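Close look at the chain arrangement
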Amino acid sequence: MGTDDKAFDAGGVYAEGVDEKNGNAGDRLDMYRMGKAQEMRRNFRFLSILGFSMILMASWEFSLSVATIGLINGGTAGLIWMFFVCWMGFMVVNTSMAEMASMAPTSGGQYHWVSEFAPPQHQKLLSYLIGWMCVLGWQTSCASSAFIAGTQIQGLIVLNWPDSYAPQPWHGTLLAIAVAAFSVLFNTLLARKLPLIEALVLIIHVFGFFGILVALWVLSPRADASAVFTEFTDGGGWGSLGGSTLVGILAGVLPLLGADAAVHMSEELRDAGRTLPRSMMMTTVFNGAFGWIMVITLCFCIGDLEAVLASPTGFPFMAVFLNATGSARSATAMSVFVVAMTVFANLTMVATASRQVFAFARDRALPFSPWLASVPVGWDVPINAILVTFVVSSLLALINIGSAVALNSITSLATTSILSSYIVSIGCIVWRRATGSPLLPSKFSLGRWGLPINIASEAFLVVIFVLAFMPPNPNPKAAEMNWNVVIYGGVALFSVVYYFFRGTHQYEGPVVYVRTLPPETVAP
């Protein structure tokens, strides 16, 4: 595996200075230690990577899009309090991951951390499986967000031409492919402008939030506060308010998932070991706050829940906007902010997914690895990995023509796949701390609070991981069944089989490339 040996002088003393390609001394030190060559430019700074992760999570926007899950199972009180629980849960989870990101800021993310931190006898297989889960999770995330954006555009057409437009599944598929193509265009031809674009879209993310918030509070009739905050419902028929509310927790999980996205861009971020943790924590704090406030506002202004859920647009928030403004044009103007942010979220997901594929292929873990890990001279981005991401999104979108249920089950893999990568990587840190094994130095250390925070993270993740496999009601029909567990199990089995037939002969794991730094070398 190639490295940037120019970062060190003949005596092994670390070189000072900052340049556009290699970043600062700390970045070069991290890449040298991990045994990786710097192939992409470090164009991102703190504000642009903050914008990147804020836009990818798009918590207040996605909380509007997936609110139906919580409104059916839990009602307004369930939606509000489960979102808050998820916000607090992801605070400790992302704190744990921020520490690992500071220790090893690499595009590989979780599978690299598992390779370095797992027990030596298990690191190879565990890191290989987690690498596959990360690739699967982010590829299906791209398909899911493109499909949501495409169907939201369909919803806008229905909102404006309810009598003349009859939405068809293939319309949504074509729109999803168009969104995916738009993302590829930005991530290739405008790759060097991506940090600037992310910073500008961050402004839209913030001002759009306040614009919609004010409009809803001013124009909508408001429900009684006591009912909104205390009345739980069992719309799924579970026979238990608590059980139903727990099933609806996914409405809080989905808008807050994905803080590791910034990690996969770390080889394009200057001073990554210091900047990544700050970005991840601020994203969790601000996006969580925006999402929770928007959820509360939606619950106060939702009006007739049954009518809103039956909206022909397919998205209850569009019906809420229409009821508040009394005008399709005004509701469209409000909805456009949500749709635009979903499109830009897909753009950032394509960047994240392609870097994940690039990193895993660089460690020879995927079919056609040399081709997937190629970074053409002058482009500074993994073009082939980006194109593969587009093809995967397009192929998955085609499934919607035959079965929307099948597509939803496949895209729900994004949640369980990414959650499982969090569980295993944080579990490795728990093992090292519990056994007294040494940890890597980092610019963001949890110190003596590390083990309690890591254990709390694991407890939260295991609960929501199990709940992510639950169907919306206890007696689902085939069209309502959550087939995620079947597909997840199949992919996990395939990964193990592929590992023993091919992977074990090619894949060694990132840890084999790691260098021991000279004792006099200290990261700045």
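Residues numbered from 1 in each chain as written. Predicted model: local features only at pLDDT ≥ 70, side-chain atom pairs only at ≥ 80, totals over all residues. Heavy atoms only, no water.

1. Remarks on the packing of aromatic side chains
- All told, the structure shown has 31 aromatic pairs when counted by the stated rule.
- Taken together, a centroid distance of 6.1 Å and an interplanar angle of 85 degrees make the contact between F84 and W87 edge-to-face. Taken together, the residues F84 and W87, both in helix α5 (residues 75-103) and three residues apart, mark about one turn of the helix.
- Given a relative accessible area of 28%, F84 falls into the partly exposed group.
- In this structure W87 comes out as buried when scored by relative accessible area, which is 13%.
- Put simply, the rings of W81, F84, W87, W217, F229, W292 and F300 touch in pairs and so form one group of aromatic residues.
- In this arrangement the basic side chain of R278 is found over the ring face of F46, its NZ or CZ atom lying 4.2 Å from the centre. (Phe/Tyr/Trp six-rings, centres within 6.5 Å; stacked < 30°, edge-to-face > 60°. Helix = DSSP H or I, 4+ residues; strand = E, 2+ residues; numbered from the N terminus. Buried < 20%, exposed > 50% of the residue type's maximum accessible area, 1.4 Å probe, protein only. Lys NZ or Arg CZ within 6 Å of the ring centre and 35° of its normal.)

2. Describing a nonpolar patch on the surface
- Residues W170, L174, V391, L395, L398 and I401 make up a contiguous nonpolar surface patch of about 580 Å² in total accessible area.
- Contributions of two or more residues to the nonpolar patch are made by α8 (169-188) and α18 (383-402).
- Tallying contributions element by element places α18 first for the nonpolar patch, with four residues.
- Topologically, I401 is positioned in helix α18.
- Judged by its relative accessible area of 47%, I401 falls in the partly exposed class. (Patch = residues over 30% accessible without salt bridge, like charges linked within 9 Å, V, L, I, M, F, W, Y side chains within 5 Å. Areas by Shrake-Rupley, 256 points an atom, 1.4 Å probe, with all protein chains shown as cover. Salt bridge = Lys/Arg side-chain N within 4 Å of Asp/Glu carboxyl O.)

3. Describing the layout of surface pockets
- Quantified by volume, the second largest pocket comes out at close to 370 Å³.
- Surrounding the second largest pocket, 14 residues form its lining, W132, V135, Q139, L366 and V392 being those nearest its centre.
- Of all elements in the fold, only α7 (123-160), α17 (369-372), α18 and α22 (484-506) reach the threshold of two or more residues within the lining of the second largest pocket.
- In terms of residue class, the lining of the second largest pocket is built from 13 nonpolar, one polar and no charged. (1 Å grid on protein atoms, 1.4 Å probe; cavity = no way out; pocket = protein on both sides within 12 Å on 5 of 7 lines; lining within 4 Å. Points joined across faces, edges and corners; volume = space filled by probe spheres on them. Nonpolar A, V, L, I, M, F, W, Y, C, P; charged D, E, K, R; others polar.)

4. Side note on α18
- Between its first and last C-alpha, α18 extends 31 Å over 20 residues, near the 28 Å set by a 1.5 Å rise per residue.
- Burial in α18 covers these residues: I383, N384, A385, I386, T389, S393, S394, L396, A397 and N400. (Expected span 1.5 Å × (residues − 1).)

5. A closer look at the packing of α7 against α8
- Running from N to C, α7 and α8 point in directions that differ by 125 degrees, and their axes come no closer than 7 Å. When the interaxial angle is binned, α7 and α8 end up oblique. Every pair of crossing elements has a handedness; the one defined by α7 and α8 is right-handed. Residues A146, F147, A149, G150, I153 and Q154 of α7 form the contact with α8, whose participating residues are H171, G172, L175, A176, V179 and A180.
- For the contact of α7 with α8, the residue count by class is eight nonpolar, four polar and no charged. (Axes fitted to C-alpha atoms, helices over the stretch in contact; angles between N-to-C directions. Parallel < 35°, antiparallel > 145°, perpendicular 65-115°, else oblique. Left-handed = near helix turned anticlockwise from the far one by under 90°. Contact = heavy atoms within 4.5 Å.)

6. Details of the pattern of salt bridges
- In this structure the tally under the stated criterion is nine salt bridges.
- Across the pair K443 and D271 runs a salt bridge, and its minimum N-O distance is 3.5 Å. Highlighted residues: K443 in the loop between α20 (413-435) and α21 (450-467) and D271 in the loop between α12 (250-253) and α13 (272-301), separated in sequence by 172 residues.
- Residue classification places D271 among the buried positions, given a relative accessible area of 17%.
- Bridged by salt links that share partners, the residues D271, R274 and K443 form one connected network.

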